[in-house]
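Given next are the chains, with one letter for each unit.
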Amino acid sequence: MTSPAPSGPVAPPGADHPLLPLHDQEPNERADAARNRAKVLGAAAALIRERGAEHLTMDAVACAAGVGKGTVFRRFGDRTGLLYAVLDSIEREFQAAFMFGPPPLGPGADPLARLTAFGEAALHHQLAHMNVYLESDQRTATRYTAAPRAVRTRHLVLLLHAAGVHGDLELLADALLGMLDPALVHDQLTRRGRTPEQLAAAWRDLVARLAR
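Residues numbered from 1 in each chain as written. Predicted model: local features only at pLDDT ≥ 70, side-chain atom pairs only at ≥ 80, totals over all residues. Heavy atoms only, no water.

Undergrad: Talk me through the side chain of His125; I want residue IDs and the actual numbers.
TA: When you line up the elements, His125 lands in helix H5 (residues 111-128). Residue class for His125 comes out buried when judged on its relative accessible area of 12%. With near-sequence residues (within four places) excluded, His125 lies in contact with Ile90, Glu91, Phe94, Tyr133 and Arg152. (Helix = DSSP H or I, 4+ residues; strand = E, 2+ residues; numbered from the N terminus. Buried < 20%, exposed > 50% of the residue type's maximum accessible area, 1.4 Å probe, protein only. Contact = heavy atoms within 4.5 Å.)

Below, the structure written as structure tokens:
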């Protein structure tokens, strides 16, 4: 996934902070290429819902989309690249909620309330798409530079600053996001026997401690 263009979308009226780099713009491409991309992503998303991300194959996606397998490989590189593209579209929905949605997740609430809401919403979002997050997390070298990660980090830095938190805000944002790492969340829920409610409570506790 590439970094979004600087000339991103216009912030809706009432946005309470500078526009974050929503990863919602693809490079200019031919209409037929755009249609093929949409067909492939739609087919991949449908197969993931039916079979799970762990069973996704390039052959199955090409067949379901009605395109050649070579087209899928040229457009997305490999299976992980395709999963990243699917994850990108999933992340856009969540980004729209915390950037432009109603409070307390969206603008208009106290920064600490928004930080608390962000963690809880992110947990629920990841639980709904856990297998996609786990399957796409194969490129450990790029996970921290991927556009969705950059958007989340920037959002938390802005909220920490607005809440009057001092220190290296980017590092603190990374520490907060560490609690939401899909592999860690999955391990906490499965091997360690914790519940989503316990993880959300731990997020609220950490946010409160940071704000003291």
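Undergrad: Before we move on, can you summarise the confidence of the model for the protein with the specific residues and values?
TA: Counting all residues, the mean pLDDT for the protein is 85, and 84% of those residues have values of 70 or more. Segment residues 1-25 is flagged for pLDDT under 50; beyond a separation of four residues in sequence, or across chains, it makes 50 contacts in the model. (pLDDT = per-residue confidence, 0-100.)

Undergrad: Account for the pattern of salt bridges, with residues named and values stated.
TA: Scanning the entire structure with this criterion turns up nine salt bridges. Between Arg192 and Asp187 there is a salt bridge, and its shortest N-O distance comes to 2.8 Å. Relative accessible area serves as the criterion here: at 42%, Arg192 is assigned to the partly exposed category. Three or more residues are tied together by salt bridges with common partners; here these are Asp187, Arg191 and Arg192. (Salt bridge = Lys/Arg side-chain N within 4 Å of Asp/Glu carboxyl O.)

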